[in-house]
Amino acid sequence: MTGTVGPVRSELSEFLAGLSWPRPQSPEFDPEHAPADPVVLFGTWLREAVAAGVPAAHVMTLATVDAAGRPDARVTVLEDVDEHAFWVAASESSPKGKQLGRVPVAALVFHWPQLGRQVRVRGTVRPADAARTEAAFERLSAHARAEALVDRQSRPLHDEAWLSNALGDPTELLELEVPGAASAPAWRLWGVDAGRMEFFQASTSEHHQRLRYSRTEQTWTTELLRP
Ligand SMILES: Cc1cc2nc3c(=O)[nH]c(=O)nc-3n(C[C@H](O)[C@H](O)[C@H](O)COP(=O)(O)O)c2cc1C
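Criteria and thresholds
Residues numbered from 1 in each chain as written. Predicted model: local features only at pLDDT ≥ 70, side-chain atom pairs only at ≥ 80, totals over all residues. Heavy atoms only, no water. UniProt positions renumbered as here; feature names shortened; annotations may be inferred. Helix = DSSP H or I, 4+ residues; strand = E, 2+ residues; numbered from the N terminus. Buried < 20%, exposed > 50% of the residue type's maximum accessible area, 1.4 Å probe, protein only. Contact = heavy atoms within 4.5 Å. Areas by Shrake-Rupley, 256 points an atom, 1.4 Å probe, with all protein chains shown as cover. Core = buried A, V, L, I, M, F, W, Y, C linked by side-chain atoms within 4.5 Å. Salt bridge = Lys/Arg side-chain N within 4 Å of Asp/Glu carboxyl O. Polar contact = N/O pair within 3.5 Å; in protein donor to acceptor, adjacent residues only side chain to side chain. Phe/Tyr/Trp six-rings, centres within 6.5 Å; stacked < 30°, edge-to-face > 60°. Pairing = 2+ DSSP bridges. Patch = residues over 30% accessible without salt bridge, like charges linked within 9 Å, V, L, I, M, F, W, Y side chains within 5 Å. Expected span 1.5 Å × (residues − 1).

An unreviewed UniProt entry lists the protein under the name Pyridoxamine 5'-phosphate oxidase, from Kineococcus rhizosphaerae. Under the UniProt heading Sequence similarities (unreviewed entry), the entry covering the protein gives this text: "Belongs to the pyridoxamine 5'-phosphate oxidase family."

Novice: It is not clear to me how the overall build of the protein should be interpreted in this structure. Could you clarify?
Specialist: Within the protein, the secondary structure is distributed over 7 helices and 9 strands. Counting only residues that meet the buried cut, the protein has 37% of its 227 residues in that class. The contacts of the protein with a sequence gap of at least 6 include a subset with a gap of at least 24, amounting to 64%. A total accessible area of about 13,900 Å² is found for the protein, and carbon and sulfur atoms account for 53% of it.

Novice: I keep staring at unusual backbone geometry and nothing clicks. Help me out?
Specialist: Residues apart from glycine generally show negative phi values, whereas peptide bonds are mostly found in trans. Positive phi values are uncommon outside glycine, yet A56 reaches one of about 45 degrees. With respect to the secondary-structure elements, A56 resides in the loop between α2 (38–51) and β1 (59–65).

Novice: Sorry, what's going on with the nonpolar core here?
Specialist: A general trend in soluble globular proteins is that nonpolar side chains are found buried together. In this structure, F42, F86, F110, W112, V119 and M197 are the most contacted members of the largest nonpolar core, which totals 32 residues. Of all hydrophobic cores here, the second largest spans 12 residues; its members include W87, F137, L140 and A184.

Novice: Whenever I open this one, the pattern of salt bridges confuses me. Can you help?
Specialist: Note that side chains of opposite charge can pair when their charged atoms are close. Counted by the stated rule, this structure contains 10 salt bridges. The residue E48 makes a salt bridge to R117 at a minimum N-O spacing of 2.6 Å. Here the residue E48 occupies a position in helix α2, and R117 occupies one in strand β6 (residues 117–127), the gap between them amounting to 69 residues. The shortest N-O distance in the salt bridge between D193 and R126 comes to 2.6 Å. In this pair, D193 sits in strand β7 (residues 187–201) while R126 sits in strand β6, placing the two residues 67 residues apart along the sequence.

Novice: Looking at this model, I keep getting lost on the side chain of S94. Mind explaining?
Specialist: Its place among the elements puts S94 in the loop between β4 (85–91) and α3 (95–102). Exposure remark for S94: the relative accessible area of 0% places this residue in the buried category. A polar atom in the side chain of S94 sits 2.9 Å from the backbone oxygen of S91.

Novice: Explain the packing of aromatic side chains here, please?
Specialist: Centre-to-centre distance and the angle between the planes together describe a pair of aromatic rings. Summed over all chains, the structure comprises 10 aromatic pairs. With 6.3 Å between their ring centres and 85 degrees between their planes, Y213 and W220 make a pair best called edge-to-face. Of the residues examined, Y213 reaches a relative accessible area of 0% and is grouped as buried. Looking at W220, the relative accessible area reads 12%, which means it is buried. Every member of this aromatic cluster is reached through a ring pair, and the members are F29, W45, F199, Y213 and W220.

Novice: What is the right way to read the pairing of strand β9 (residues 220–224) from this model?
Specialist: Side-chain positions along a regular strand alternate between the two faces of the sheet. Bridge count for strand β8 (residues 209–215) against β9 is 5 bridges, and the pairing is antiparallel. From the neighbouring strand, Y213 faces β9, where its bridge partner is T222. Hairpin connection, β8 to β9: the antiparallel pair is bridged by 4 residues.

Novice: Honestly, a nonpolar patch on the surface in this entry has me stumped. Any pointers?
Specialist: Together, L12, F15, L16 and L19 line one region of the surface with nonpolar side chains, adding up to about 450 Å² of accessible area. Its location among the elements puts L19 in the loop between α1 (8–17) and α2.

Novice: Can you walk me through α2 in this structure?
Specialist: Helical geometry note: an α-helix holds 3.6 residues per turn, so side chains three or four residues apart project in the same direction. With 14 residues, α2 should cover 20 Å at 1.5 Å per step; its first-to-last C-alpha distance of 20 Å lies within 8% of that length. If you check which residues of α2 are buried, you get P38, V39, L41, F42, G43, W45 and A49. The opening residue of α2, the one whose side-chain oxygen lies 2.9 Å from the backbone nitrogen of V39, is D37. Backbone geometry just downstream of α2 places G53 in the positive-phi region, at approximately 85 degrees.

Given below as structure tokens:
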């Protein structure tokens, strides 16, 4: 596919210049009384985002780095979260899976515009063990499991009919490809072990607030950042 670039660009600049930032609800946030564990605060904010009607509040941007040091990012779903790690799913054969495997660091960004909130997470990456991956695979819909089995995510799509056929009957595909198997060979969960987390609260009246947590051996330290 080829295309030309024309005056659309300057029209787009004008359009962009006319956009404004909608006023968020700006709920109360008192960093002085924030929990010692940032995952607890993340859980509170995630629940509040859902309660405030943020659609797909568990969908985030996942940023990775390739072997040449080039950054990459895409939107994906937060599969799980526990004491330290944020868990994402990716096939080892997809660009993101290769990046997570070869350069085991990642950053996540959640944006909940209705509340003027952002959460940033940075950390090192580790693959989940087989049991955790299998349990997560079982929770997927039949269609998602079939997609994981067909694999080849992000390769050029030459034959749409083939793909529709392959995904046409997920049950049949699941039985055919891996009788009794609990997972797709290349599909796995990856844990981002948070080393740093930052909470941003926009304010309509005063200055915005930023609270950063940094992980030390056993605990977390916090500091406020200039907005
Ligand atoms: C709302 C939304 C949710 C998405 N969720 C996922 C997901 O859970 N898993 C996934 O592999 N891709 C998901 N995608 C597609 C990814 O953004 C991306 O296009 C795909 O994973 C290929 O990325 P890669 O080429 O960097 O591996 C989602 C996209 C959107 C817009």
